[in-house]
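# Residue-level structure breakdown
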Amino acid sequence: MSSLMSLSKHGRPGGRVLLVALLALLCGAPSSPARVVRPARIVVLLYPEARLLPEILAVEDAIRPALDPDGEVSLYTEYLDLARATDEQYERQVIALLREKYASRRVDLIMPVAFPALRFFLSHRAELFPGVPAVFCAANLDAVAGLDLGSDITGVRLPSEWGATLDAALALQPETRRAVVISGTSATDQNLQAAAAHDLARYRGRVDIRYLAGRPIGGLLDEVAALPKDTIVLFVSLLRDQAGRLFTDPEAVSLIARASSVPVYSWSATHLGHGIVGGRLTSFESQGTRAAELAVRVLGGERPGTLPVVDGSGTAYMFDQRQLRRWGLSTARLPAGSIVRYQDASLWDLYGWNIVGAGALVVALAVLSTGLLIERTGRRRAELSLGERLRFETLLAEQAATFSRVSGPDVDREIERALRRMADFLAVDWSTLTEYSEDSRTARVTHWWTAEGMDPQPVALGFGEIPWTVAQLRRGATVRFTQVGELPEVEAAVDRQTYRRLGVKSQVAIPLTVEGIVIGALAFSAVAGERAWRDEFVQRLQLLGEVFANTLSRRRAEMEGQRLRQDLAHIGRVSTVGELTASLAHELNQPLTAILANAQAVRRILDADKADLVEVRAIVDDIVDDDKRASEVIGRLRGFLKKGTLERSSVDMSELVGQVARLVAGDAVLRSVGIRLELAPDLPGVYADRVQLQQVILNLILNGFDAMRDSEVGRRDLLLRTACDGTGSVTVTVHDSGSGIEWADVGHVFDAFYTTKADGLGMGLAIVKSIVEAHGGRVEARNNPEGGATFSLALPTGQEGP
Amino acid sequence: MAPTGPVVFVVDDDASVRKSLARLVKAAGYEVEAFASVGDFLARAHFEGPGCLLLDVRMPGQTGLDLQETLRAAERRLSIVFITGHGDVRSSVTAMKGGAVDFLTKPLDEEALLTAIRQAVRRTIDEQAEHGRVTAVRNCVATLTPREAEVFALVVTGMLNKQIGAQLGIGEKTVKVHRARVMEKMQAGSLAQLVRLAGTGGMIAARA
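All values derive from a computational prediction rather than experimental measurement.

### A look at helix H16 (residues 467-474) of chain A
Residues and elements named next belong to chain A. Of all the positions in H16, only Trp 468, Thr 469, Val 470, Gln 472 and Leu 473 are classed as buried. Buried residues along H16 sit against strand S13 (430-436), strand S15 (479-481), helix H17 (493-502), strand S16 (506-514) and strand S17 (517-526). Gly 476 sits one or two positions beyond H16 and adopts a positive phi of about 95°.

This is the structure we're talking about:
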């Protein structure tokens, strides 16, 4: 079924296949009661959902023909709709309905499919189907404790092989440090998520695993779109989101895979072809087949108790060639025996996924074939043209792939490169990318390219100079002319004048649209001579426009994110200053006390008959030193409060950690905390913003202090350690002997506004994470075996920032 | 070692503060000894002369309040002037309840500091003198026989010899002899003086 769905979904010309498959499905419907001469055996299939999910179809496709070869079995199906069931009332109604329905029927076998259906059956069995044997199927029991199946139930367990999937992912992407696990809120989602957590527990410490369970789809998509490069997505199940929206797995997996900034892995073969890279995938057909075998034996008189539960079967390493290519993953690194599907991926697949809908592709294909049919010149000419098209498409595909990869400062370089290559290919003289301000009042040419020997093009063109063109683009329309004279004489009078003045003979300008808003335009102009723009090229340029638009909007989001981070860091600093006041007062008080006492002493000495001038000199020297010490304290505070833009330089983390430790020394005394430093000498430099990293270390130390608030005095130890891990990263660990992290908080300690402290803002660790990640590093939190927690961060070394 | 004048012991972990305070106190005419920690001070030989402690409240390791407790437990009489970077109510209350002379906030006002030191030194001297008196009386009490001690305890409550004899089951004459011995051993010239001595030595017994 999954391949069928993928055909229709991605707009391949599969209409006929679809029709045939649908017919086949319809013909396989339950046999007509008229044919049944003697009472048939009744088998009831219990499904947890109310929808024809691909998994359910796969199971039923396997069970139905195996159970009912001669029409002697009457197969009933009950869709319990447990995804929707949020109250007991609903479950009572379902029970009442089933009891009524089966009161007069002698049921021979129950087949609960998936764990929620099994749980429902076990809970209400005595009431609904007393004494009826059962064969379950596709139920994951890995994370189910204390389940008593009883003596007349057997079945097939759904395997959970997340370990194998993660191992395969780590082999494909050795740089992976983090995994995000996605699941929904339905009973099935929760069951599978628990099983995944059970499987993945042993990766703690190796991969930072975060569970995004039960979020609304919108937020979830935003979140997966912004995942850092060293992350992978593990898709578990999302039949219902937090807002109660229902999905089928392929729908959800497609949405996630399309939005995700990193590869997505999964566990079910039904997800393959919907955007996942692959994994150790389970076949529901196989589940159904094995369950049907057991069912046949039970119907044949064997007691279920004598048939052992089948432990997981039908899994295989399966991957999607298109996805491997999309993410630049090497098939050489796949586990032995992997099945690689979709090997015949076309160029369309390469860039069609995330940038264009199926509709646009169908149109584009139609245009292409029509173009071929009506080609008037000879065969040789047509072939050349085909080659040209192919080159153009390859170029587009490469651009799409490039832009899906690059971020940050690379974007500008790639945009310029793309403009040059497109201009080369189209043989135009100028290519320009214009970005509109967010209020769409002003425009700025952000990137341009001018062919060799051509006059430089204007890089600032007011909206008023080409009002008609801008109005068209803002409406989302493409502007195209071979001669300026084609433009409307009256409405575009100003535009005509401007183009003539600039010497623009022909132009094609494509609006860049993101979610219906025009954020800029891409223009190609011919100056040296007039030229025509063929439809098919314009069509493809529009595709390129979408790629650019996506790239630009992503970059805007990145810049916005960076601004936000700086603000956050500033807020963080100011709020930390409040916490530090006591400590700073102490730090300032010491030199001030010494200065005053020294001055008073010197006055007394001078009042005496015989002043010892050597002593006086020594005292005055001390006064000067203490004054310096006081201004250093103030200087540190000021440097700390400065809200600057990033100023990156090579930073010695040992030195920096030492500095911050001195800054909080007073605070440590106040809180009776002993700070121990284990700072590695001669660490390689980290290319980073010093002030921000001071903030990071400070926040981690203060966090440690807070964690030890309730620890016994004398057992409040904070260990700060720096090290070089030999893989090009410097690590800093902050080890406290406090209360540790609650299990429930482990996944969230770095979330903004997530706090376990009554008086905390929940910003400290969020700031830590955002700063460290902005430096291309990563943070981690874990509990120590001997109590307390260790927060660690790793920062890449070297001169080049990420 | 026989110090000529009162000694002020400065205990502060901050080197600049310690040094400058020592200078000021010295310039004001006191002998000064400075220590970087409570441990260093305790390692010094017992000091029984006139003087006082100028003590920082918060220090790594044992705090000033810990030292105050240690000295009290050891019945060492050395008055304390506390100094602190920030006056927090709780520790100042603890310090004053523990018998501190003053609790001063850094930076220190010269007059307040020297006044506090003067008072502290005076109190140390008074307490040491008081302790000397008590010790003397206790030494005298220690020379009394059990019977004399009984008689002493009853005499100072104002009982007549006759009543004392009746209570102890001995003759009035015997009481008289014991009483004379008590007056002699306690070096008391009058009954009033004997009663005062009994108060000093903590000897006033409740009437049975």
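### Points about the interface of chain B and chain A
Taken residue by residue, the interface counts 19 residues in chain B and 23 residues in chain A. Of the roughly 1,900 Å² buried between chain B and chain A on both sides combined, carbon and sulfur atoms contribute 53%. Counting across the chain B and chain A interface gives six salt bridges. Put simply, Lys 19 of chain B and Asp 622 of chain A hold a salt bridge, and the shortest N to O gap is 3.0 Å. Broken down by secondary-structure element, the contributors of at least two residues to the side of chain B that touches chain A are helix H1 (15-27) and helix H5 (110-142) of chain B. Per-element tally for the side of chain B that touches chain A: the top contributor is H1 of chain B, with eight residues. Here the side of chain B that touches chain A is composed, by residue class, of eight nonpolar, four polar and seven charged.

### Let's talk about the sheet that holds strand S3 (residues 51-56) of chain B
Sheets are built from strands that pair by backbone hydrogen bonding, the pairs being arranged parallel or antiparallel. All names here are of chain B. With parallel pairing, the five strands of this open sheet are ordered in space as S2-S1-S3-S4-S5. Unpaired on one side and paired on the other, strand S2 (31-35) and strand S5 (102-105) mark the two borders of the sheet. Shown here is a sheet whose adjacent strand axes are inclined to one another by a mean of 20°, direction ignored. The pairing of strand S1 (residues 7-11) with S3 spans five bridges and is classified as parallel. Pairing of Val 8 across the sheet is with Cys 52, part of S3. Where H1 meets the sheet, its contacts fall on S1, S2, S3 and strand S4 (80-84), and the angle it forms with S2 comes to roughly 170°. Lying over the sheet, H5 contacts S1, S3, S4 and S5, oriented at roughly 130° with respect to S3.

### Structural notes on the pattern of salt bridges
Residues and elements named next belong to chain A. The final tally for this structure, using the stated rule, is 42 salt bridges over all chains. One salt bridge connects Glu 293 with Arg 290, and the closest N-O pair in it is separated by 3.4 Å. Here Arg 290 and Glu 293 lie together in helix H10 (residues 284-299), a separation of three residues that amounts to about one turn. Arg 629 is the partner of Asp 626 in a salt bridge, and the nearest nitrogen-oxygen pair spans 3.5 Å. Here Asp 626 pairs with Arg 629, and both are found in helix H19 (residues 613-641), just three residues apart, close to one helical turn. Residue classification places Asp 626 among the buried residues on the basis of a relative accessible area of 5%. Accessibility expressed as a relative area gives 28% for Arg 629, which makes it partly exposed. Beyond isolated ion pairs, a larger network of salt bridges with shared partners links Arg 178, Asp 230, Lys 769 and Glu 773.

### What about the packing of aromatic side chains?
This structure, assessed with the given rule, holds 11 aromatic pairs over all chains. Ring geometry for Phe 9 of chain B and Phe 41 of chain B: centres 5.5 Å apart, planes at 70°, overall edge-to-face. Residue Phe 9 of chain B is found in strand S1, and its partner Phe 41 of chain B is found in helix H2 (residues 38-43); the two are separated by 32 residues along the sequence. Neither Phe 9 of chain B nor Phe 41 of chain B differs from the other in exposure class; each is buried. Relative to Phe 41 of chain B, the ring of Phe 35 of chain B lies with its centre 5.4 Å away and its plane at 80°, an arrangement referred to as edge-to-face. The two residues Phe 35 of chain B and Phe 41 of chain B agree in class, both being buried. Linked through ring pairs, Tyr 76, Tyr 102, Phe 121 and Phe 129 of chain A together constitute an aromatic cluster.

### Focus: the sheet that holds strand S24 (residues 789-796) of chain A
Residue and element names in this part refer to chain A. In spatial order, the strands read S19-S21-S22-S24-S23; together these five strands make up an open sheet with mixed pairing. Because the sheet does not close on itself, it has two edges, and the strands there are strand S19 (674-678) and strand S23 (778-783). Taken pair by pair, the neighbouring strands of this sheet meet at an average axis angle of 15°, ignoring direction. Strands S19, strand S21 (717-724), strand S22 (729-736) and S24 of the sheet are contacted by helix H22 (residues 690-707), whose axis makes an angle of about 170° with S24.

Basis of the calculations
- Residues numbered from 1 in each chain as written.
- Chains lettered and ligands numbered in written order.
- Predicted model: local features only at pLDDT ≥ 70, side-chain atom pairs only at ≥ 80, totals over all residues.
- Heavy atoms only, no water.
- Buried < 20%, exposed > 50% of the residue type's maximum accessible area, 1.4 Å probe, protein only.
- Helix = DSSP H or I, 4+ residues; strand = E, 2+ residues; numbered from the N terminus.
- Contact = heavy atoms within 4.5 Å.
- Buried area = accessible area lost by both parts, 1.4 Å probe.
- Salt bridge = Lys/Arg side-chain N within 4 Å of Asp/Glu carboxyl O.
- Nonpolar A, V, L, I, M, F, W, Y, C, P; charged D, E, K, R; others polar.
- Pairing = 2+ DSSP bridges.
- Axes fitted to C-alpha atoms, helices over the stretch in contact; angles between N-to-C directions.
- Phe/Tyr/Trp six-rings, centres within 6.5 Å; stacked < 30°, edge-to-face > 60°.

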